[in-house]
Amino acid sequence: MKRKSLYKLLSILAIATVFFTACTKDNSDVRLDPKLSTAQVINVSAHEATVIGFVVASGDGFTEKGICYNTAPAPTTSESKMVYTGENTTATFSVTLIELDYATTYYARAYAINAMGTMYGEEFTFTTSPIAPTVTTAAVTGITGTTATTGGNVTVTGGADITARGVCYGPDANPTVDGSKTSDGTGDGEFVSALSGLSGLTTYHVRAYATNSAGTSYGEDIEFTTLVSVRNWYVPGNYVAASYPGLGMNDWDPATSPQIKSTEASPENVEGYVYMANGTNEWKIATKPNWDGPNYGAGAAAGTLDADGGNFNSPAGYYKINVNPTALTYTAVATSWGVIGSASANGWNDETALTYNPGLQTWRGGIHLTAGEFKFRANHSWDYNYGSTAANSTLDGGGSNIPATVESDYYFVLDLSHPHAYTYQANRWGLIGDATPGGWSDDTNLTWDETAQVMKITVALTVGSIKFRANDDWAINLGGDLNALSQDGANISIAEAGTYAITLDLGKAAPSCTITKMKK
């Protein structure tokens, strides 16, 4: 019943009370039968409710009145009750029930006791409010430079549906849902939360949260620190200028030396390939692009690093360097790379060698492939091999075999100069244009000349134009200046019909070609 209705009822009852009182004064022998009403339930919360009762007529004196209540209908005074202890001069009385269970339906009615017995008013029902849920925070595991795993457990729903749950996190203690948070479903029970996009070497606070209609609760605050996201270390030495000519790199200068790196996913593996051209090469490992340190040389035990250690000494080679920055251990293995697989001449038995090009910092060469698969391998050992799990130009250690769908001579470029970002090219090259036998529709394939280290072709041309194209597709095409061919360069003119010897040199920073008309 709304408050306005209650006030109207009270006004009517007040008039009735005056009338009954007047009658009593006129005739003291009149005794009205006592009548009792349960008028209203108000101010219901999770653990309390106020119930209003009303004595319609006083009759014989009441010795006790109040509210009885229970979770089952028709409550009586033999069950839970709350006795009214206030002034007994008015008909209306109210009692606040306490220590109720949350989200529970109760039945309540007023009662009054006199010499004739116990009277009960009408029965009212009400349901207490839910409370905010109870949630705990899971331990933080799998911490890297940018990610971590945690979660929580909603152990008590609070009597209402859990509409949101997850973890909130940030640099300050006791983070809330107003900041960064995850959303990990609904309902009670355990859940897992994956954190990403974190900063390396940063302290975070995380705590679980759960939300129902009563509000949002939080679990314990847990603190954790991310790892180093990426380490960029340097390999200075007396070999640098000779091994990396024309690149502005200097001996014993960390800032201009080859780098080795870790990744966010593998912070404990600092890795990279370094070419050392001298007969004897001295080098160290610097952790900064200067000598501010720490800087590491050879430790007393084989394969260990020491901040006070002397220079490493290595013969000429293309070295794969791996460092564990926590254990301070390392390996430096000279490698020689080639192509292996069912599509290659040696099958899966041995690799066909590529040649390292210091000026381009890549392994290069032409190899005839049949239809099949291939990978890159070093040192006749599967300890060192790369495939392409993504089936594109990127490489993964131990990755999937790479398909070769067309039999042809392929020009390979294996680039291991960027730590943890290794790539390859395997292209078939052809000649196309209205001066060629296939016109602008069909490529005339070039073949590999192992001696000259160029792609070549001898072909009859007519007057017109030509270009070089890879893989029968315009995605990679070369034209323009014969001494510095460029991607999407201009068509190359053929002014006179005849038989031509053509070479394509891809072993330079700017590819070049020769076009020589043969004598009859």
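Residues numbered from 1 in each chain as written. Predicted model: local features only at pLDDT ≥ 70, side-chain atom pairs only at ≥ 80, totals over all residues. Heavy atoms only, no water.

**Observations concerning the sheet that holds strand E43 (residues 512-517)**
Logical step 1: Within the open sheet, the four strands sit side by side as E36-E37-E42-E43. Their pairing is antiparallel. The sheet is open, and its two edges are formed by strand E36 (447-449) and E43, each paired on a single side. Put simply, the sheet's adjacent strands are angled 30° from each other on average, direction ignored.
Logical step 2: By the bridge criterion, six bridges tie strand E42 (residues 498-505) to E43 in an arrangement that is antiparallel. If you follow Asp-505 over to E43, its bridge partner there is Ser-512. (Pairing = 2+ DSSP bridges. Helix = DSSP H or I, 4+ residues; strand = E, 2+ residues; numbered from the N terminus. Axes fitted to C-alpha atoms, helices over the stretch in contact; angles between N-to-C directions.)

**Describing the pairing of strand E2 (residues 49-55)**
Logical step 1: In terms of burial, E2 is largely enclosed, as seven of its seven residues are buried.
Logical step 2: Neither face of E2 is exposed, since Ala-49, Val-51, Gly-53 and Val-55 on one face and Thr-50, Ile-52 and Phe-54 on the opposite face are all buried.
Logical step 3: As judged from the six bridges shared by E2 and strand E5 (residues 92-97), these two strands associate in the antiparallel manner. Opposite Ala-49, over in E5, you have Leu-97 as the bridge partner. (Buried < 20%, exposed > 50% of the residue type's maximum accessible area, 1.4 Å probe, protein only.)

**Some thoughts on the side chain of Thr-436**
Logical step 1: Within the fold, Thr-436 resides in the loop between strand E34 (423-432) and strand E35 (444-445).
Logical step 2: With a relative accessible area of 7%, Thr-436 lands in the buried category.
Logical step 3: In this view, Thr-436 contacts Leu-431, Asp-442, Thr-444, Leu-461 and Ile-466; residues no more than four positions away in its chain are not counted. (Contact = heavy atoms within 4.5 Å.)

**Points about unusual backbone geometry**
Logical step 1: With an omega dihedral of 0°, the bond running from Gly-293 to Pro-294 counts as a cis peptide bond.
Logical step 2: Even without a glycine there, the phi angle at Gln-361 is positive, about 55°.
Logical step 3: Locating Gln-361 in the fold gives a position in the loop between strand E27 (355-357) and strand E28 (362-369).
Logical step 4: Look at Asn-379: it is not a glycine, yet its phi comes out positive at around 60°.

**Looking at the confidence of the model for the protein chain**
Logical step 1: A residue-level look at the protein chain finds 92% of positions with pLDDT of 70 or above and a mean pLDDT of 91.
Logical step 2: Under a pLDDT of 50 for its full length, residues 1-33 has, in the predicted model, 20 contacts with residues more than four places off or in other chains. (pLDDT = per-residue confidence, 0-100.)

**Topic: the side chain of Thr-226**
Logical step 1: Its location among the elements puts Thr-226 in the loop between strand E16 (222-225) and strand E17 (232-234).
Logical step 2: Exposure remark for Thr-226: the relative accessible area of 1% places this residue in the buried category.
Logical step 3: Within polar-contact distance, the side chain of Thr-226 engages the backbone nitrogen of Leu-201 at 3.0 Å.
Logical step 4: Here the side chain of Thr-226 touches Thr-202 through a polar contact of 2.9 Å, landing on its backbone nitrogen. (Polar contact = N/O pair within 3.5 Å; in protein donor to acceptor, adjacent residues only side chain to side chain.)

**Some details on the sheet that holds strand E13 (residues 189-195)**
Logical step 1: Across the sheet, three strands lie side by side as E9-E10-E13; this open sheet has antiparallel pairing. At either end of the open sheet lies a strand with only one pairing partner, and these are strand E9 (134-137) and E13. Geometrically, the sheet is characterised by an average inter-axis angle of 25° between neighbouring strands, direction not taken into account.
Logical step 2: Bridge count for strand E10 (residues 148-156) against E13 is seven bridges, and the pairing is antiparallel. What sits directly across from Ala-148, in E13, is Leu-195.

**Quick look at the packing of aromatic side chains**
The description of two aromatic rings rests on the distance between their centres and on the angle between their planes.
Logical step 1: Summed over the entire model, instances satisfying the criterion amount to 26 aromatic pairs.
Logical step 2: Connected via pairs of aromatic rings, a cluster forms that spans Tyr-273, Tyr-275, Tyr-318, Trp-337, Tyr-356, Trp-363, Tyr-386 and Tyr-422.
Logical step 3: When the ring centre of Trp-382 is taken as reference, the NZ or CZ atom of Arg-377 above it lies at 4.7 Å.
Logical step 4: Above the plane of the ring of Trp-474 lies Arg-469, whose end atom (NZ or CZ) is 4.7 Å from the centre. (Phe/Tyr/Trp six-rings, centres within 6.5 Å; stacked < 30°, edge-to-face > 60°. Lys NZ or Arg CZ within 6 Å of the ring centre and 35° of its normal.)

**A look at the nonpolar core**
Logical step 1: Core analysis: the largest hydrophobic core is formed by 44 residues, its most contacted members being Trp-283, Val-323, Trp-337, Phe-374, Phe-376 and Phe-412.
Logical step 2: It is strand E19 (residues 270-283) that contributes the most residues to this core, six residues altogether.
Logical step 3: Apart from the residues within four sequence positions on either side, Phe-374 is in contact with Val-339, Ile-340, Gly-341, Trp-348, Leu-369, Asn-401, Ile-402, Pro-403, Ala-404, Phe-412, Tyr-424 and Ala-426.
Logical step 4: Counting residues in each nonpolar core, the second largest holds 23 residues, with Trp-448, Phe-468, Tyr-500 and Leu-504 among its members. (Core = buried A, V, L, I, M, F, W, Y, C linked by side-chain atoms within 4.5 Å.)

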